[in-house]
Amino acid sequence: MAHIQLPAGLPGIRGPMVFSPETTKPLCDLVQVLLTGPHTLTPAEREMIATYVSSQNDCVYCQSCHGSTAAQHLGGSDADYALIAQIKQNYQATPISAKMKALLAIAGKVQQGGKYVTAKDVEQARQQGATDEEIHDTVLIAAAFCMFNRYVDGLATWQPRDPEIYREIGKQTSQLGYVGRDYKKPLQAIAAKQDRVEV
Amino acid sequence: MAHIRLPEGIPGILGPMAFSPETAKPLNALAEVLLRGPNTLTPADREMIATYVSSQNDCYFCQHAHGAVAAYRLGGNEKLVNEVKLNFESAEISDKLKALLAIAGKVQKGGKQVTAEDVSRARQHGASDKEIHDTVLIAAAFCMYNRYVDGLSTWAPDDPGLYRENGKRLAVEGYVHSTDRLLANVQK
């Protein structure tokens with residue numbers, strides 16, 4: 001049960017978002033500019049950073065949503081979902097670019113705390129071709145997910161485990177982005193389950 | 001030296017904000033609504049939550065910037081702000097604020113650290129769902145701002161007078177207006 005009374009049937013951050021529309025607006029604006037284009041890092045790469053940090057913070061809802069959105073940006077195949085799972089487990093062993101690996105290393109340091117990022121970490125990213133903008137954005141995406149993850153877990157929101165729910169969220173988000181959406185609208189994967197339970 | 005090339009001579013978060021105006025906008029809008037929007041928690045209470053979390057994250061710039069706003073709001077009571085950072089349980093603040101600071105301290109360590117008992121304590125001292133929500137989100141947001149400031153290794157001045165002046169400016173003008181004005185001057 002959530003720590004405060006949140007609207008029923010809305011998973012993860014959606015409950016607090018609907019509870020507090022005045023904070024939701026800047027939160028959505030922030031995630032929109034951070035994770036959607038136009039940027040030299042692709043939306044899939046940005047979602048991977050968000051997913052990795054959320055996984056390091058052990059936030060089920062955020063890592064599942066953003067992992068699914070990343071996979072959908074890559075095409076949405078089982079192999080894409082498998083790649084995202086591997087990135088969470090051990091990104092160094094995945095076929096992602098050396099630049100992305102260096103940026104994920106920075107993101108992992110930010111997750112532990114800002115002061116963990118060293119000049120050497122930044123130098124390694126630069127050697128693989130990362131720009132100042134890309135390093136800046138990596139730090140801010142990682143920092144922002146240290147906020148989103150704490151928001152979602154700090155209120156003990158409902159975080160279902162059914163992968164179908166996250167597949168639906170990933171499809172929606174990869175197509176629609178984050179701004180101007182109706183987060184009150186029930187997810188089909190959840191409504192379908194509830195119908196079955198009631199019957 | 002900062003990890004990326006930031007405009008020179010601008011302290012703390014203002015450097016990355018000048019570097020990236022498109023992200024500065026929602027970051028300032030969030031601080032504005034969280035710390036200054038209509039709320040049953042006073043701006044001073046909310047700035048103390050921000051200051052305490054920034055202090056737990058060891059972020060020099062943020063704890064001094066927001067500590068100065070809190071002190072200004074409290075009529076210049078820097079002593080109280082320092083006591084809150086060092087040991088809020090023995091500071092002269094309300095039981096409700098102590099319970100909310102305890103929740104904020106848990107959020108700083110990680111969202112899952114917040115327990116039903118922590119929330120129940122806050123509720124026993126009269127905290128509403130909105131106040132608990134806002135405390136969690138302020139604490140979470142400062143886990144972001146602190147990491148942004150330190151993760152880029154920004155410059156933090158150590159002159160208390162500068163933070164005092166900045167605290168007054170932020171309290172009077174707010175996060176959106178004062179930052180817009182400051183950054184407009186930087187870019188010129």
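Small disclaimer: the values here were computed from a predicted structure and weren't measured. (Residues numbered from 1 in each chain as written. Chains lettered and ligands numbered in written order. Predicted model: local features only at pLDDT ≥ 70, side-chain atom pairs only at ≥ 80, totals over all residues.)

Caption draft 1: Spatial organisation of the overall build of chain B. The secondary structure content of chain B amounts to 10 helices and 0 strands. In chain B, the succession of helices and strands from N to C terminus is α-α-α-α-α-α-α-α-α-α. Over its C-alpha trace chain B gives a radius of gyration of 16 Å, about what one expects of a compact globule, namely 16 Å for 188 residues. Each of the 188 residues in chain B was classed as buried or not, and the buried ones make up 51%. The contacts in chain B between residues at least 6 apart in sequence include a share of 70% that link residues at least 24 apart. (Helix = DSSP H or I, 4+ residues; strand = E, 2+ residues; numbered from the N terminus. Rg over C-alpha atoms; globule rule 2.2 N^0.38 Å. Buried ≥ 20, exposed ≤ 12 C-beta atoms within 10 Å, placed from the backbone. Contact = placed C-beta atoms within 7 Å.)

Caption draft 2: Highlighting the interface of chain A and chain B. Contact with chain A, which involves 40 residues of that partner, is made by 42 residues of chain B. Counting residues per element, the ones that place at least two in the side of chain A that touches chain B are α1 (14–19), α2 (21–35), α7 (119–127) and α8 (132–154) of chain A. Sorting elements by how many residues they give to the side of chain A that touches chain B places α8 of chain A first, with 16 residues. Broken down by class, the residue content of the side of chain A that touches chain B amounts to 24 nonpolar, 10 polar and 6 charged. (Nonpolar A, V, L, I, M, F, W, Y, C, P; charged D, E, K, R; others polar.)

Caption draft 3: Spatial organisation of helix α7 (residues 116–124) of chain B. All names here are of chain B. Considered for burial, the residues of α7 that qualify are D118, V119 and A122. For α7, the buried positions fall inside an angular range of 95° around the axis, keeping them on one side. The outward face of α7, more than 90 degrees from its buried face, is lined by the exposed residues A116, E117, S120 and Q124. Contacts from the buried residues of α7 go to α6 (95–109) and α8 (129–151). One or two steps after α7, the chain reaches G126, where phi turns positive at roughly 95°. (Arc of directions from axis to C-beta.)

Caption draft 4: Representation of the environment of F19 of chain B within the structure. Along the chain, the position of F19 of chain B falls in helix α1 (residues 14–19). Residue classification places F19 of chain B among the buried positions, given that 21 C-beta atoms sit within 10 Å. Put simply, F19 of chain B and A65 of chain B are 46 residues apart on the chain and 20 Å apart in space, counted from C-alpha to C-alpha. If we skip the residues at most four places from it in the chain, F19 of chain B touches H136 of chain A together with L6 and P7 of chain B.

Caption draft 5: Seen up close, unusual backbone geometry. Residues and elements named next belong to chain A. Positive phi is not limited to glycine here, since D58 has a value of about 60°. Turning to its location among the elements, D58 is positioned in the loop between α3 (43–56) and α4 (60–73). Given 13 C-beta atoms within 10 Å, D58 falls into the partly exposed group. A positive phi angle, close to 55°, is found at A156, a residue other than glycine. Mapped onto the secondary structure, A156 falls in the loop between α8 and α9 (163–176).

Caption draft 6: Spotlight on α6 of chain B. Over its 15 residues, α6 of chain B extends 22 Å from the first C-alpha to the last, a length consistent with the 21 Å expected when each residue adds 1.5 Å. The complete set of buried residues in α6 of chain B reads L97, A99, L100, L101, A102, I103, A104, K106, V107 and Q108 of chain B. Tucked inside the fold, the buried residues of α6 of chain B contact α8 of chain A together with α3 (43–56), α7 and α8 of chain B. With its phi angle positive at about 160°, G110 of chain B sits one or two positions after the end of α6 of chain B. (Expected span 1.5 Å × (residues − 1).)

Caption draft 7: The confidence of the model for chain B, seen in detail. When pLDDT is averaged along chain B, the result is 96; 99% of the residues meet or exceed 70. Both scores are available for the predicted complex, with the pTM at 0.97 and the ipTM at 0.97. (pLDDT = per-residue confidence, 0-100.)

Caption draft 8: Geometry of the environment of Q111 of chain A. Residue and element names in this part refer to chain A. Tracing the chain through its elements places Q111 in helix α6 (residues 98–112). Using a count of 22 C-beta atoms within 10 Å as the deciding quantity, one classes Q111 as buried. With near-sequence residues (within four places) excluded, Q111 lies in contact with V53, Q56, N57, A142 and C146.

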